[in-house]
Amino acid sequence: MTSSADEKVLDIIYIMGSGRSGSTLLSSMLGSQRDIVCAGEVYNYMNFFESAEARSRKCSCGEALLQCDYWQQIRDRLKQQKGTELLDLKDTDRHTFDENNHALLSAIRDVSGKPVIVDSSKRHYRLKLLLKSGLFRVTIVHLIRDARAYAYSSLVTARKNGESDTAYYKKILQWQKKNIGIKAIYGRHPRYVQMRYEDLVRNHEAELERVMRLCDLTLDTGRVFDPSVNQSHEFSGNSGFISKGLDEIKLDTRYLESLSARQWLVSSTLVAPCLTLFGYPVFSRGVPA
Ligand SMILES: [Zn+2]
């Protein structure tokens, strides 16, 4: 490859998974690294900047979104290059998708000065289009959390909203469908990394290293919990929240005590093969080994 072709191809770390599975933690940790920038849920870019609420929204740096200098520089570049700052990144026409996404992502790379971009959009169609295009070198991180922990956190929300506990079982089945789908479609991709949230919490160094090695980067452990380097500019999500260091990162195990015996048994039976596939204990209550 010539150097100009190299420069055109953008390095993306794409997070896939079920939501509520620790993607904010993962992207914050990656974003602490010198050569990695978190772009958040990139696919939503236009919605965030064109809506009326944009004026009241905040960037994750704390500044009002429309006052943030980082985004202002990106928007200026887009205006100059494309005639508009509002690019639709959801357009699935391949040519438009490539053009718009490459323009925004390269503006993010150039303004941040960081060569690798974390995209936590978690959308299938988006990953498919990024992979089909020759413009991106995509590392796929399939982030998985215990089905019962994931569904329990949805149950807590459902209860607050006065909904019934059946939401829990729906989520369990959705978890299975989504994670089996991701594994089946992308599992053989040469740049696919399967990662359990529980392992990330327990041994973040080893887990982050697996991803960074694929991007030809070396982990700088000192930066992971250094709040002074953890400045992020995300228009969505709440990244940049690791401010108090390692103590803040603990596995949330409330689901282990809070689910009833029946809920545990029924949900574990429903998705038993899939739990086993990802190394989770099926019937005994505990965190994976
Ligand atoms: Zn900002």
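Residues numbered from 1 in each chain as written. Predicted model: local features only at pLDDT ≥ 70, side-chain atom pairs only at ≥ 80, totals over all residues. Heavy atoms only, no water.

Student: Talk me through the packing of helix α7 (residues 147-160) against helix α8 (residues 166-186); I want residue IDs and the actual numbers.
Tutor: Interhelical geometry of α7 versus α8 gives an angle of 145° and a closest axis separation of 8 Å. By crossing handedness, the relation of α7 to α8 is classed as right-handed. Contacts from A147, R148, Y150, A151, Y152, S154, L155 and A158 in α7 reach A167, Y168, K171, I172, Q174 and W175 in α8. Partitioned by chemical class, the residues of the contact of α7 with α8 number ten nonpolar, two polar and two charged. (Axes fitted to C-alpha atoms, helices over the stretch in contact; angles between N-to-C directions. Helix = DSSP H or I, 4+ residues; strand = E, 2+ residues; numbered from the N terminus. Left-handed = near helix turned anticlockwise from the far one by under 90°. Contact = heavy atoms within 4.5 Å. Nonpolar A, V, L, I, M, F, W, Y, C, P; charged D, E, K, R; others polar.)

Student: Before we move on, can you summarise the sheet that holds strand β2 (residues 36-40) with the specific residues and values?
Tutor: To summarise the sheet geometry, strands pair through backbone hydrogen bonds and adopt either a parallel or an antiparallel arrangement. Taken in spatial order, the five strands make up an open sheet running β2-β3-β1-β4-β5, and their pairing is parallel. What marks the edges here is a single partner per strand, and that holds for β2 and β5 (192-196). Between one strand axis and the next, the sheet turns by 25° as a mean value, whatever way the strands run. As paired elements, strand β1 (residues 10-17) and strand β3 (residues 116-119) share four bridges and run parallel to each other. Note that in β3 the partner of Y14 across the bridge is D119. Those strands touched by helix α2 (residues 23-31) are β1, β2, β3, β4 (136-144) and β5, and its axis lies near 145° from that of β2. (Pairing = 2+ DSSP bridges.)

Student: Please set out the packing of helix α4 (residues 69-82) against helix α5 (residues 94-112) residue by residue, giving values where relevant.
Tutor: Their axes nearest at 9 Å, the elements α4 and α5 cross at an angle of 135°. Viewed along their axes, α4 and α5 adopt a mutual orientation that is oblique. Pair α4 / α5 crosses with right-handed handedness. The residues of α5 that touch α4, namely those facing Y70, W71, Q73, I74, R77, L78, Q81 and K82, are E99, N100, A103, L104, A107, I108, D110, V111 and S112. Split by residue class, the contact of α4 with α5 holds nine nonpolar, four polar and four charged. (Parallel < 35°, antiparallel > 145°, perpendicular 65-115°, else oblique.)

Student: I'd like to hear about the coordination of the zinc ion, residue by residue, with values.
Tutor: Coordination of the zinc ion by the protein is provided by C59 (SG), C61 (SG), C68 (SG) and H233 (ND1), with metal-donor distances spanning 2.1 to 2.4 Å. Sequence spacing of the donors to the zinc ion: C-x1-C-x6-C-x164-H. For C68, a relative accessible area of 1% translates into the label buried. (Donors = N, O, S within 2.8 Å, 3.2 Å for Na, K, Ca; no water. Buried < 20%, exposed > 50% of the residue type's maximum accessible area, 1.4 Å probe, protein only.)

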